[in-house]
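# Structural overview for review
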Amino acid sequence: MSDRRIQPNHLVISLGIVVALFMVASGVASLVNGFHDDSAITREVFGNIPGPLKLAFYSTIPLLIIWGAVLFSYRVQNWQRGAPDNRATTRENAKRRFGDFRSGVYMKTLLREPAAGVMHSLIYFPFLILLAVTTVLEVNHQAPPALKFLHGDVYRAYTLVGDIAGVLFLTGIVWAILRRYGPSRYRPYRIRIKTRPEHAAALFVFLTIGVTGFGAEAFRIAAQAGTNGHAIEAETWSIIGYPLAQAITDSGLAARASGWHQAWWIAHVVSFMAFLALLPITMLRHMFTSPLNMYLRDRDRPKGAMRPIPNLMETELESFGVSTIEEFTWKQLLDTDSCTMCGRCTSVCPAHATGKPLDPREIVLKTGEVMAATGSTVVSPPIGVDPEITVSTNLVFERVTGEELWACTSCRACDEICPVNIEILDKILDMRRYLSLMESDFPTELGTAYRAMENSGNPWGLSQGARAEWADDLEGVTILDGGDPLESEYLYWVGCAGSFDDKNKKVSRAMAELLTLAGVSFSILGPSEMCTGDPARRSGNEYLFQMMAAQNVETLNAMGVVKIITQCPHCFNTLGNEYPQLGGHYEVIHHSQLLEWLIESGRLDVSDARLDGRLVYHDSCYLGRHNDVYQAPRRVVGSIGGLEVVEAERQGTKGMCCGAGGGRMWMEEHTGKNINVERSQELLATGADRIATACPFCYVMIDDGVKGEGIEDDQVQVADVAIHLLDAIRAGETPAIQEALTAATEG
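Presented here is a report on the structure given in the accompanying data block. (Residues numbered from 1 in each chain as written. Predicted model: local features only at pLDDT ≥ 70, side-chain atom pairs only at ≥ 80, totals over all residues. Heavy atoms only, no water.)

### As for the overall build of the protein chain
Rules: Numbering of helices and strands starts at the N terminus; helices are DSSP runs of H or I of at least 4 residues and strands are runs of E of at least 2. Here's how the labels work: a residue is buried when its accessible area is under 20% of the maximum for its type, exposed when over 50%, partly exposed in between, all with a 1.4 Å probe on protein chains only. By definition in these notes, contact holds between two residues if any of their heavy atoms fall within 4.5 Å. The protein chains shown are the only cover counted for residues, whose accessible areas, like all others here, come from Shrake-Rupley with a 1.4 Å probe.
Across its full length, the protein chain holds 29 helices and nine strands. Across its three principal directions, the C-alpha atoms of the protein chain cover 110 × 75 × 45 Å. Scored against the burial criterion, the 747 residues of the protein chain give a buried share of 55%. Across the protein chain, the fraction of contacts at a sequence separation of at least 24, relative to all contacts at a separation of at least 6, is 80%. Summing over all exposed atoms, the protein chain offers an accessible surface of approximately 31900 Å²; the carbon and sulfur share of this is 58%.

Pasting the structure below:
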């Protein structure tokens, strides 16, 4: 049976018809009622405009509105092709939804980059004010004489607000023109590489709207001054229109001002009609789609969690991941029409910055191109494309290549910086799922890691029996068998890197010593601990992830585990954000967070801890952008006396990836500059002699990058925050021990 429910595309058309009919009714009402304001200081709506022009105004614009609504409904129909995605507004998320919406419409997200944000604000806010000015004029026009309010000083203030908004609007437009078409020093790279003819058309139309608005105002005032002596006095607060009208009068054009006013008015209305015509077929549509996308930001899974898919052991699905438009969710398809093409995602992508084929913006736009070309009604692509580019099927891999997808480090920088909350990473990871599960199309090195995880329980391919060897000579480390109940307060999840990688074994030892110093009750699993499956899931192998995760969840639940400490942000994210999808619910804390709490609570005494020199902290993507933990590691190293803690050029939400996320720890970089080298050079540029990390992958990649620059440990020490902290505590203990020995000797 066909679905006869009202669909979103029907609502769009209905809304367009309602707005158009309201405008027609407004024109008819003004003709029938003929309400007039006798005040000396006011404005006559449509003054000096002949009846045929008014008829054209009230008939053409409603038709354009309906036409635009129909075209826009075709785009909405395309979104409806997507799979379900629960973005319902509920009592629980309503406050967050409206908060996200306000952040967007108030330009908070755009103002994260001040220059572009101010420029866009100069266009956006004045445009809204000018729209409000026009609306207020029409409301006053329809009001009976007793209710009219646009006269006297209210009218003067009204004209002042309108003129100020017009000046700011034109300032923003001129700035935008210079930013896109001016000297190269004013044009960011991300803007230069994606400028299309429609940008020129939109900017020209906006410029024309602003200029013709002032032109029509000036000649209207000049024409009224010639026939009505009080008119000039009524417009003295028009800070642009009034001086221009005086200049027109002084130039001798006053006698022909009436005809000029009509010409400028026609040009102004025609430019607005051009705007309405461009709105549904160009990137200007983001005026509607972007706020909608921002409102829908909140979702039913944590920020760092991937979209769950059914249990592959039980599902009857025949295809996994995304290869066609219909396999994306409707929200992912809305994303493609919400993109403003600003290129901020491009500017922060570590893969793109180092010469890899990935450009996050292109992932969004290429998906949109396939969607636009394969709908029941073909619509314009998100932005103009070269004529030789054609799309013949709804298969997204007609435009997106595997090389682009595998270059991604899943650092989430693109999602974090997007001013309209487009979810780019989800699209990349969903397409990876298809390539890995359905096509077995993945880099050769990943195949080795997959086999190692499947056969040995870890991507290094080392024996599980060696997992706890790092703790062989440490006292107080309890190693549990997977079937034993957990009697300690915490389970310390060491992770594969902390168990097998020589560098990160030092982190595990340092953390165990710090926990013992603080009197924290903890145990480890040793050989019973398996990889969380993060590398498999981020590289698309959902089958392997579910297999490993299910086994871990079974073990942890059987032990009665509640609290888990991790030193790996990837384990932290997977255990805390993704294991709940498989029935594993735990309180997961990153070791930097626990160390911060132990220091603040006094359980870990750092009063004598001291290191000399300068230290810079490198943000982990999975701790920071995926889980919003930025301050804990900084507070840990900041508690060390004698250290000067500095920041890299890119830090916090804009921190640069080390290059190892998204499974790339087990893939070689064959194109461009190595990401870890780029980041290491940036960290070294701070002049720091210590670099702190809070992730085992970051530790390996940054240490390799620093040593690749010919710098050894005695010059710059790269280490985890736990190692730096333990070194500082030991350094503080040495003088105390020496003093005690001296006192004993003298005694």
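More follows now that the structure is in view.
### Points about the sheet that holds strand β6 (residues 610-617)
This is how the line gets drawn: A pair of strands is treated as paired once DSSP finds two or more bridges between them. Structural elements are reduced to axes, namely lines fitted to C-alpha atoms, with helices fitted over the stretch in contact, and the angle between N-to-C directions of any two is expressed from 0 to 180 degrees.
With parallel pairing, four strands are arranged side by side in an open sheet as β7-β6-β8-β9. Each edge of the sheet is formed by a strand with only one pairing partner; in this case those strands are β7 (641-646) and β9 (717-720). This sheet shows a mean twist of 35 degrees between the axes of neighbouring strands, independent of strand direction. Two elements, strand β8 (residues 690-693) and β9, share four bridges in a ladder whose sense is parallel. Bridging across to β9, Thr693 finds its partner in Asp720. Against the sheet, helix α28 (residues 696-708) engages β8 and β9, with an angle of about 180 degrees to β9.

### With respect to the side chain of Arg537
Locating Arg537 in the fold gives a position in helix α22 (residues 534-538). Arg537 has contacts with Met306, Arg307, Pro308, Arg433, Glu542, Phe545, Glu578 and Gln581, leaving out every residue within four places of it along the chain.

### A look at helix α3 (residues 94-105)
Operational definition: How far a helix is expected to stretch is found by multiplying one less than its residue total by 1.5 Å. By arc we mean the arc of the directions from the helix axis to the C-beta atoms, nothing more.
The end-to-end C-alpha distance of α3, which contains twelve residues, comes to 16 Å, matching closely the 16 Å that a straight helix rising 1.5 Å per residue would cover. Three or more residues of α3 are buried, namely Ala94, Arg97, Asp100, Gly104 and Val105. Looking straight down α3, one finds its buried side chains confined to an arc of 130 degrees; they lie on one side. Buried-residue contacts for α3 involve α4 (114-142) and α11 (286-295). Positive backbone phi, approximately 70 degrees, marks Met107, located one or two places after α3.

### Regarding the packing of α3 against α11
Going by this rule: What makes a crossing left-handed is the near helix being turned counterclockwise from the far one by less than a right angle; a clockwise turn instead makes it right-handed. Each residue gets one of three labels, nonpolar for Ala, Val, Leu, Ile, Met, Phe, Trp, Tyr, Cys and Pro, charged for Asp, Glu, Lys and Arg, and polar for the others, Gly among them.
As a packed pair, α3 and α11 sit with axes 7 Å apart at the nearest point and diverge in direction by 145 degrees. In the packing of α3 onto α11, the handedness of the crossing is right-handed. Counting all contacts with α3, which are made through Arg97, Phe98, Asp100, Phe101, Gly104 and Val105, the residues of α11 involved are Pro291, Met294 and Tyr295. Taken together, the residues of the contact of α3 with α11 sort by class into six nonpolar, one polar and two charged.

### Brief notes about the pairing of strand β4 (residues 563-566)
For clarity, the cut-off: The handedness of a crossover follows from its direction of travel: if, with the strands pointing away from the viewer, the path from the first strand over the helix to the second runs clockwise, the crossover is right-handed.
Judged from the three bridges that link them, strand β2 (residues 490-493) and β4 form a sheet pairing that is parallel. Following the sheet pairing, Trp493 is matched in β4 by Thr566. Where β4 lies against strand β5 (residues 587-590), four bridges are found, and the strand directions are parallel. Within β5, the residue paired with Ile565 across the bridge is Ile589. You can see the chain leave β4, run along helix α24 (residues 569-578) and come back into β5, and the turn it takes is right-handed.

### Some details on the packing of aromatic side chains
Selection rule: The aromatic pairing rule takes the rings of Phe, Tyr and Trp, using the six-membered ring of Trp, and pairs them if the centres are within 6.5 Å, calling planes under 30 degrees apart stacked, those over 60 edge-to-face and the rest tilted. A ring has a charge above it when a Lys NZ or an Arg CZ is no more than 6 Å from the ring centre and no more than 35 degrees off the ring normal.
Applying the stated criterion across every chain, the model contains 26 aromatic pairs. Among the aromatic side chains, those forming a connected cluster through ring pairs are Phe127, Phe169, Phe206, Phe272 and Phe275. Above the ring of Tyr295, the side-chain terminus of Arg97 is found at 5.8 Å from the ring centroid. Between the NZ or CZ atom of Lys563 and the centre of the ring of Tyr490, over which it lies, the distance is 5.6 Å.

### Examining the sheet that holds β4
Reading across from one edge, β1-β3-β2-β4-β5 is the order of the five strands in this open sheet, with parallel pairing throughout. Two strands bound the open sheet, and with one partner strand each, they are β1 (478-479) and β5. Pairing between β2 and strand β3 (residues 522-524): two bridges, direction parallel. From the neighbouring strand, Leu491 faces β3, where its bridge partner is Ser523. On the sheet, helix α21 (residues 502-517) packs against β2, β3 and β4 and is oriented at approximately 160 degrees with respect to β2. Of the strands in this sheet, β2, β4 and β5 are in contact with α24, which crosses β5 at around 165 degrees.

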